[in-house]
Amino acid sequence: MFAACLESLGMTLCVAGSMLVMIACGLPTWKVNAFIEGNIVVAQTIWDGLWMSCVVQSTGHMQCKIHDSVLALAQDLQTARALTVISAVLGVVGLTVTVAGAQCTNCIKDDAVKRRVVYAGGIIYIFCGLFVLVPICWIANNIIVGFHDPMVPPAQKREIGASIYIGWAAAALLLSGGTLLCCSCSQGVRGSFPLKLAPTKTITVNGEFDKKHYV
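Residues numbered from 1 in each chain as written. Predicted model: local features only at pLDDT ≥ 70, side-chain atom pairs only at ≥ 80, totals over all residues. Heavy atoms only, no water.

Under an unreviewed UniProt entry, the name given to the chain is Claudin, and the organism recorded is Ataeniobius toweri. In its Sequence similarities (unreviewed entry) section, the UniProt entry covering the chain states "Belongs to the claudin family." The record held by UniProt for the chain lists under Function (unreviewed entry) the comment "Claudins function as major constituents of the tight junction complexes that regulate the permeability of epithelia." (UniProt positions renumbered as here; feature names shortened; annotations may be inferred.)

In structure tokens:
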């Protein structure tokens, strides 16, 4: 029962992390222009994302433009685009694998095979977290270095956007959930008596329960 609880908690964390990865991948708020000049009246805000750049006017009107060329993007954005998409796809694969080997399903009968399948799902989710964490930290480091670089004009300085923080949260959930899934497969957690689903009662043609199910 404890192993089943770990599986449920791990799957919940991993699914939430995968959803956050998809949200962070789609949002254009990876880089936000920094307001470091003396004039606090700003007419527009610039957002830079993996797929588009947006300009938000002070009136609330927003205009977005999709990036014309992938090769024209910075190297960190190219890497982040590829790895976040891979992480989102692997999240779906990991969910399918984990559900197939979970104790609450009957897709696989052998308990030893179920344990290995769940362990594989946990490893997949750990890789998902790493695929998100690497580009997130790379872009955040470049933003911080560029912000403190005196050679960069103030108009070109950027700050860390909301997508970076969402990506960090997603990586934490994926790594934690994947670790819990792997821990739930240990023999000490599962114990000597694995969880078995009770067989369903059969009904005869005349609508009565089979007599062998009565005590």
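Next, the rest of the story.
Student: Quick rundown of the UniProt feature "transmembrane region" (unreviewed entry) in the chain? Include the residues and the values.
Tutor: Under the present numbering, the feature "transmembrane region" (unreviewed entry) in UniProt falls on residues 12-30, 82-105, 117-144 and 164-183. The span residues 117-144 carries 100% helix and 0% strand; its end-to-end C-alpha distance comes to 41 Å. Within residues 164-183, the helical portion is 100% and the strand portion 0%, while the C-alpha atoms at the span's ends are 29 Å from each other. (Helix = DSSP H or I, 4+ residues; strand = E, 2+ residues; numbered from the N terminus.)

Student: Describe the packing of helix α1 (residues 2-26) against helix α2 (residues 75-101), listing the residues and the values that go with them.
Tutor: Closest axis-to-axis distance for the α1/α2 pair is 9 Å, and the angle between their directions is 155°. The angle between α1 and α2 falls in the class roughly antiparallel. Pair α1 / α2 crosses with left-handed handedness. Between α1 and α2, the contacting residues are Met 11, Val 15, Ser 18, Val 21, Met 22 and Cys 25 on the first element and Thr 84, Val 85, Ser 87, Ala 88, Gly 91, Val 92, Leu 95, Thr 98 and Val 99 on the second. Each residue belonging to the contact of α1 with α2 can be placed in one class, and the counts come to ten nonpolar, five polar and no charged. (Axes fitted to C-alpha atoms, helices over the stretch in contact; angles between N-to-C directions. Parallel < 35°, antiparallel > 145°, perpendicular 65-115°, else oblique. Left-handed = near helix turned anticlockwise from the far one by under 90°. Contact = heavy atoms within 4.5 Å. Nonpolar A, V, L, I, M, F, W, Y, C, P; charged D, E, K, R; others polar.)

Student: Can you explain the sheet that holds strand β3 (residues 52-57)? Please cite residues and give values.
Tutor: Spatially, the five strands line up as an open sheet ordered β4-β3-β2-β1-β5, and their pairing is antiparallel. Only two strands of the sheet have a single neighbouring strand rather than two, namely β4 (62-66) and β5 (158-160). Strand after strand, the sheet turns through a mean of 25° between neighbouring axes, direction not considered. Bridging between strand β2 (residues 44-48) and β3 involves five bridges; their strand directions are antiparallel. Considered in β3, the bridge of Asp 48 is made with Ser 53. (Pairing = 2+ DSSP bridges.)

Student: Any details on the state of the cysteines? Residues and values, ideally.
Tutor: Scanning all chains against the criterion turns up one disulfide. Disulfide pairing places Cys 54 opposite Cys 64 at an S-S distance of 2.1 Å. Between Cys 54 and Cys 64, the S-S dihedral sits near 105°, and the bridge is therefore right-handed. Here Cys 64 lies in strand β4 and Cys 54 lies in strand β3, a separation of ten residues in the sequence. For Cys 54, a relative accessible area of 1% translates into the label buried. The exposure class assigned to Cys 64 is partly exposed, which follows from its relative accessible area of 41%. Its sulfur unpaired, Cys 128 is 8.1 Å from the next cysteine sulfur, which belongs to Cys 14. Here Cys 128 falls in the buried class, since its relative accessible area comes to 1%. (Disulfide = S-S within 2.5 Å. Buried < 20%, exposed > 50% of the residue type's maximum accessible area, 1.4 Å probe, protein only.)

Student: Break down the packing of aromatic side chains for me, citing the residues and quoting the values.
Tutor: In this structure the tally under the stated criterion is two aromatic pairs. Relative to Phe 131, the ring of Phe 127 lies with its centre 6.3 Å away and its plane at 40°, an arrangement referred to as tilted. Here Phe 127 pairs with Phe 131, and both are found in helix α3 (residues 111-147), just four residues apart, close to one helical turn. Residue class for Phe 127 comes out partly exposed when judged on its relative accessible area of 44%. With a centroid separation of 5.7 Å and an interplanar angle of 70°, the aromatic rings of Tyr 165 and Trp 168 are classed as edge-to-face. Taken together, the residues Tyr 165 and Trp 168, both in helix α4 (residues 162-183) and three residues apart, mark about one turn of the helix. (Phe/Tyr/Trp six-rings, centres within 6.5 Å; stacked < 30°, edge-to-face > 60°.)

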